[in-house]
Structures are given as structure tokens and as C-alpha cells.
Amino acid sequence: MSARQLAIGIGFRHQCAAYELMALIESALQRSQLLGADVSWIASHHTKRDDPLLAEAAQRFGCQRITFDSQQLAAQDGVTRPSHAVEQRLGTASVAEAAALAALHEAGYRSARLVLAKQRSANATLAIAEA
């Protein structure tokens, strides 16, 4: 097991293709000089719980997938790029950043922090948190 614990929070529209999401994740890891092997969780909003893209991302990195409801996401401290549009639609101002932080908090890492703030592609957002 790696000493570094990473959680990737993702949000995506229903029309997001797997290649787009995977390219966003790979690019973010590379830009941040992080290793895919250190990713322990792929996290998102509970509406994505059964989405094949969430499952595919977790399988690609050999990690757990976890989802959180809007109330859990809204309670996360450390969100740097909230979205009014997301808040209107889901009841939380953040999915990607909040989900990444929530995954680490759920695992007992109280010192979790964002190492990569929200990034976006045409149909997806991503953030990375570290413990």
C-alpha cells in the first residue's frame, strides 16, 4: 500500500464519453505529477452511483468508488471553486472538489486537502485530494 492516499472527485454530464473522462483524469494526474497507483478512491455525487463511467474509472485505477449525497458534499470544508449552477441543480455548490475531500474524510483522514482544484473538460469536472 502506498503512503500517499489520493481521492479523485468527479462530476460529469450524462453525455460524457468514457474517453473524455479518462483523458481528463490522466491529464490531471500527469500535470500534478501524481501516480495512478496512489489513487484509492473515485468519488462522485450519489446520482452517479450506478453510472458505468464511475465504475469504469474505479476499475481503471483499481480503486474503490464511493458516492455522497448533496448534504454530505455541501458539508465539506476546503472547496475552492463552488458553482452556483451546480448548487441550483443538486443542492451542493461542489461535486468534484467536495467528493474528493469527502472520500478521504470518510476513510478517517481528517487532514485531507485539495492538491488539484476543479478542472474541467466539455462534459466533466475533476479534483484531486490527498491525505
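Anything mentioned here points back to the structure above.
What comes next is a walk through the structure. (Residues numbered from 1 in each chain as written. Predicted model: local features only at pLDDT ≥ 70, side-chain atom pairs only at ≥ 80, totals over all residues. Heavy atoms only, no water.)

### A few points about the environment of Ala 122
What counts is decided by this rule: Secondary structure elements are taken from DSSP: a helix is a run of H or I of four residues or more, a strand is a run of E of two residues or more, and numbering for both begins at the N terminus.
Its place among the elements puts Ala 122 in the loop between strand S4 (113-120) and strand S5 (124-130). Sequence separation between Ala 122 and Phe 12 is 110 residues; the distance between their C-alpha atoms is 9.2 Å.

### A word on the environment of Val 86
Inclusion rule: Classification of residues uses two cut-offs on accessible area relative to the type maximum, computed with a 1.4 Å probe and protein chains only: under 20% is buried, over 50% is exposed, and between them is partly exposed. The criterion used for residue contact is that any of the two residues' heavy atoms lie within 4.5 Å.
Along the chain, the position of Val 86 falls in helix H4 (residues 84-90). When its relative accessible area of 17% is taken as the criterion, Val 86 is described as buried. Other than its neighbours up to four places away in sequence, Val 86 contacts Gly 91, Thr 92, Ala 93, Ser 94 and Val 95.

### Here we look at the nonpolar core
Selection criterion: Joining through side-chain atoms within 4.5 Å is the link that ties buried Ala, Val, Leu, Ile, Met, Phe, Trp, Tyr and Cys residues into a set, and such a set is a nonpolar core.
Residues Ile 8, Ile 25, Ile 42, Leu 126 and Ile 128 are the most contacted members of the largest nonpolar core, which totals 24 residues. Among the elements that take part in this core, helix H1 (residues 18-31) stands out by supplying six residues, more than any other. If we skip the residues at most four places from it in the chain, Ile 42 touches Ile 8, Ile 10, Leu 54, Ala 57, Ala 58, Phe 61, Cys 63, Gln 64, Arg 65 and Ile 66. Within the second largest apolar cluster, 19 residues are counted, among which are Ala 98, Leu 101, Ala 102 and Ala 112.

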